[in-house]
Amino acid sequence: MAAGAGLAGAASPASASVSAEPSPTRSGVLVDTTVCIGCRSCEQACKAAHGMPTQGPEAYEDDAVFDAPRRPDSTALTVVNRLEAERPFFLKAQCMHCDHPACASSCIVGAFTKEESGAVVWDTSKCIGCRYCIVACPFQVPAFEWGKALEPRIMKCDFCAPRQRDGELPACVERCPVEALTFGPRDELLRVAHERIKRSPGKYNPRVYGELEVGGTSWMYLSARELAGEALPKLGTRPAPGVSESIQHGIFAYFVPPVALYSLLGFLMWDAKNGPREGGE
Ligand code: SF4
Ligand code: SF4
Ligand code: SF4
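Residues numbered from 1 in each chain as written. Chains lettered and ligands numbered in written order. Predicted model: local features only at pLDDT ≥ 70, side-chain atom pairs only at ≥ 80, totals over all residues. Heavy atoms only, no water.

**Thoughts on the pattern of salt bridges**
And step 1. Counting across every chain of the model gives 18 salt bridges.
And step 2. Note that Arg196 and Asp32 form a salt bridge whose closest N and O atoms lie 2.9 Å from each other. Within this pair, whereas Arg196 is found in helix H6 (residues 186-199), its partner Asp32 is found in strand E2 (residues 27-32), the two being separated by 164 residues in sequence. Each member of the pair, Arg196 as well as Asp32, carries the same accessibility label: buried.
And step 3. Here Glu195 makes a salt bridge to Arg199, at a shortest N to O gap of 3.9 Å. With a gap of 4 residues between them, Glu195 and Arg199 both fall in helix H6, about one helical turn apart.
And step 4. The exposure class of Arg199 is exposed, given its relative accessible area of 60%.
And step 5. When salt bridges that share partners are traced, they join Arg26, Asp99, Lys114 and Arg186 into one network. (Salt bridge = Lys/Arg side-chain N within 4 Å of Asp/Glu carboxyl O. Helix = DSSP H or I, 4+ residues; strand = E, 2+ residues; numbered from the N terminus. Buried < 20%, exposed > 50% of the residue type's maximum accessible area, 1.4 Å probe, protein only.)

**Here we look at H6**
In an α-helix, one turn spans 3.6 residues, which is why side chains three or four residues apart end up on the same side.
And step 1. Compared with the 20 Å implied by 1.5 Å per residue over 14 residues, the 20 Å span of H6 between its first and last C-alpha is a close match.
And step 2. For H6, the set of buried residues is Arg186, Leu189, Leu190, Val192, Ala193, Arg196 and Ile197. Seen end-on, H6 carries its buried residues on one side only, within an arc spanning 160 degrees. Exposed residues pointing more than 90 degrees away from the buried face of H6 are listed as Lys198 and Arg199.
And step 3. If you follow the buried residues of H6, they end up packed against E2, strand E9 (181-185) and strand E10 (219-222). (Expected span 1.5 Å × (residues − 1). Arc of directions from axis to C-beta. Contact = heavy atoms within 4.5 Å.)

**Here we look at the packing of aromatic side chains**
Given two aromatic rings, their pairing is described by the distance between the two centres and the angle made by the two planes.
And step 1. Summed over the entire model, instances satisfying the criterion amount to 4 aromatic pairs.
And step 2. Measuring from ring centre to ring centre gives 4.8 Å for Phe144 and Trp146, while their planes differ by 75 degrees; the resulting arrangement is edge-to-face.
And step 3. Exposure remark for Phe144: the relative accessible area of 11% places this residue in the buried category.
And step 4. Among the aromatic residues, those joined into a ring-pair cluster are Phe159, Phe183 and Trp219. (Phe/Tyr/Trp six-rings, centres within 6.5 Å; stacked < 30°, edge-to-face > 60°.)

**Topic: the environment of Ala49**
And step 1. Within the fold, Ala49 resides in helix H1 (residues 41-49).
And step 2. When its relative accessible area of 36% is taken as the criterion, Ala49 is described as partly exposed.
And step 3. Separated by 114 residues in the primary sequence, Ala49 and Arg163 place their C-alpha atoms 8.9 Å from one another.

**Re the site of ligand 2**
And step 1. Around ligand 2, the neighbouring residues are Cys46, His50, Thr78, Lys92, Cys157, Asp158, Phe159, Cys160, Pro170, Ala171, Cys172 and Trp219.
And step 2. Residues of the shell around ligand 2, tallied by class, amount to 8 nonpolar, 2 polar and 2 charged. (Near = heavy atom within 4 Å. Nonpolar A, V, L, I, M, F, W, Y, C, P; charged D, E, K, R; others polar.)

**What about the side chain of Arg70?**
And step 1. Turning to its location among the elements, Arg70 is positioned in the loop between H1 and strand E3 (79-83).
And step 2. Engagement of the side chain of Arg70 in a polar contact is seen with the backbone oxygen of Val80, the distance being 3.1 Å. (Polar contact = N/O pair within 3.5 Å; in protein donor to acceptor, adjacent residues only side chain to side chain.)

Okay, structure coming up:
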């Protein structure tokens, strides 16, 4: 297998520190769906890198897997689907590593963080299992280990953050035999994407999916046709956290008065029983 595609200057050891605004040097991946051959080597490499069983219910060489669309779940952090169109094409799906991640903003205990590297990662020790992140994600990515009785986890692509910290490429990028996946600084990937569009206007749809969606994502797509509203959700340019935060704040706005009321009633009951009395009252 050929080595994966990385731009010059990419795959430098990533920092694990976190900031409110995405780092200007954050990395990303450009997925060129016009190059992808649907071999699913990326799926296999991802599972191997995460210690998951590499042989799923479907054999990797069995094309029947493309008969029904799949979503990333707790057993596969990335999946490749075949999209039926005039000219069928393959589309790899995983967490988009949003610049303003709704999963992070919806998490009330701060279990999700956007790292300087661009990766949106999840801390199992903080998670309380509320599953707000599953509801908040505009790409329906985080998956819960429903089948696990003990300590079920939220599962999603971690952008191979530990590999990046060691200066390695994400496993899927490294394994892709046709360089359909290019890893590098996000700004540089956008430049490359628009250059490809300019060079081959008949080959590519003029828009790069992920450049602007929900305020920008670290994973971006080049394709022959418009993906928004077809293969991928049609979303505005406003960061999704604005939406999820207002839902969350709405929930708490309704939650706080009953809590305050119960606290007040509790205090009055306690006071009625134990409070100081004057004149035998
Ligand atoms: S795609 Fe979903 S899970 Fe991934 S960073 Fe964005 S909001 Fe979070
Ligand atoms: S970046 Fe890593 S975790 Fe994400 S899909 Fe690729 S191999 Fe899987
Ligand atoms: S390894 Fe590359 S060519 Fe094969 S399915 Fe994944 S992205 Fe497509």
